[in-house]
Amino acid sequence: MKTVNKIILMFLVALECACVEVVELDQDGKVSNSIVVEGGITTEAKAHFVKLSRSHSAVGNELPRPVEGAVLSISSDEVSYDLSEIAPGIYATNSTAKAEVGKKYTLHISLDGKSYEATDSVVKILDQLPIPIEPLAPINDPHIDQTQYFQFYFRDNFGAAAPFNYQVQTTISEDVASHYPADWTMPQWVKNRLDKGDFMVVDSTYYINPGLEPPAVLAYGQTNFTQLLYGSKVLEKFYSLSDKHYQFVRAMLSETDWKSLGPFGYVEANVPTNLTNGAYGFFYASDVQVIEQEIMK
C-alpha cells in the first residue's frame, strides 16, 4: 500500500510541475488578435477548404470573427493551388486539387502585410477492412413492425495501429420499397424521411486513437446502429494523420472532450500548432481510404 501511495504522489507531483506556457490576455480578457487556421488538403480530387478566424475569449458567448481578404495558396515541390474566398473567412481550392502520399504541402497566408506558413506531410493510411453488416433477429411479435433490420458496429475509439480521422454516414434508399415485397408495410419513420427527402440517418466524425487514454475511455464504448434496411448504404472514410497532426488533435481533445474525465484528467497546456508567426490551429495533409457497403438481398 505504501508503494502505491508513493507512485500516486509522484504522479500528482509530476502533473503539478508540468510546464504550461502562459497566454497573454488583453484588457478585455481576450487572446490578442491572432488568426486561427482550420483546414487542409487530402488525396481526394475535390475542392479543399481552409477557414480563417480571429482568436477570442474562452468565456462568454462571443463567436469567432471571420478573417476576410487574405491571400492563400497550398503548394508542394511540384504543384501550387490558389484558394478563393467563397464566403467570409472560408477559402477553397479548385475542384481538382489533390495531394499525393509521401509529399509535403505548405499553406501560405498573406494578410495585412504579414505572412504565415504551415507544412504537413501526407502519411499513407493503413488499409482498413469492411465491418460486417449483420441482420438483426426477425421479430415474431405481430404487434411490432416486421421489417428486417440490419446492424453496423462503429469503429472503436482506441487501439488502432495508427491514428486517423473517421467519418461514417448511413443512408436509406430513396426507393427502399423496391427492395421489399409488394405487401411490405413501410415503417412510419422511414416514410417521414422519404417525405422530407432526408435520406441521411447517421453522419458522424470522430478520431481513432492508437493508445488508451484512461480518462477518455470512460466516455466511450462500442456502439452499434440498427436502423439499416435493404437498400441502405454505409459510407466510411478514413483520413491519415501525421504525427504532428495527431499531437495537435490529442492536445485539443485533452483540453475539450477529455478534460476532467476520470479521476485524473489532464494538465492544462497550450495546444501545439504548425503555423508560424503567432497563428493558432493546424493545417493538415491526409491520405484517404473509402469503404462503401450497400445492403442487398
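Residues numbered from 1 in each chain as written. Predicted model: local features only at pLDDT ≥ 70, side-chain atom pairs only at ≥ 80, totals over all residues. Heavy atoms only, no water.

Engineer: Sorry if this is basic, but what is going on with the sheet that holds strand E13 (residues 233–240) here?
Structural biologist: Two strands in a sheet stick together by hydrogen bonds in their backbones, pointing the same way (parallel) or opposite ways (antiparallel). In spatial order, the strands read E11-E10-E13-E15; together these 4 strands make up an open sheet with antiparallel pairing. Whereas interior strands pair on both sides, the edge strands pair on one side only; in this sheet they are strand E11 (200–208) and strand E15 (288–294). Averaged over all adjacent pairs, the angle separating strand axes in this sheet is 10°, with direction ignored. As defined by bridge partners, E13 adjoins E15 across 7 bridges and the pair is classed as antiparallel. Looking at E15, one finds that Leu235 is bridged to Glu292. (Pairing = 2+ DSSP bridges. Helix = DSSP H or I, 4+ residues; strand = E, 2+ residues; numbered from the N terminus. Axes fitted to C-alpha atoms, helices over the stretch in contact; angles between N-to-C directions.)

Engineer: Is there a simple way to think about the pairing of strand E10 (residues 164–171) in this case?
Structural biologist: For a regular strand, side-chain orientation follows a simple rule: the groups alternate between the two sheet faces. Of the pairings in the sheet, the one linking E10 to E11 comprises 8 bridges and is antiparallel in character. Note that in E11 the partner of Asn165 across the bridge is Tyr207. Relative to E13, E10 runs antiparallel, the two sharing 8 bridges. Along E13, the bridge assignment pairs Tyr166 with Phe238.

Engineer: Sorry, what's going on with helix H4 (residues 243–255) here?
Structural biologist: Three- or four-residue spacings in an α-helix give side chains the same orientation, since the helix completes a turn every 3.6 residues. Here H4 is 13 residues long and its end C-alpha atoms lie 18 Å apart, about the 18 Å a rise of 1.5 Å per residue gives. Within H4, the full set of buried residues consists of His245, Tyr246, Phe248, Val249, Ala251, Leu253 and Ser254. (Expected span 1.5 Å × (residues − 1). Buried < 20%, exposed > 50% of the residue type's maximum accessible area, 1.4 Å probe, protein only.)

Engineer: How should the pattern of salt bridges be read in this particular structure?
Structural biologist: Counted according to the given criterion, the structure contains 7 salt bridges. Here Glu78 makes a salt bridge to Lys103, at a shortest N to O gap of 3.2 Å. Of the two residues, Glu78 is situated in the loop between strand E3 (71–75) and strand E4 (80–87) and Lys103 in the loop between strand E5 (90–92) and strand E6 (104–111); the sequence distance between them amounts to 25 residues. In this structure Glu78 comes out as exposed when scored by relative accessible area, which is 54%. The exposure class assigned to Lys103 is partly exposed, which follows from its relative accessible area of 27%. Of the charged contacts in the structure, one is a salt bridge between Arg155 and Glu236, with a shortest N-O distance of 2.8 Å. (Salt bridge = Lys/Arg side-chain N within 4 Å of Asp/Glu carboxyl O.)

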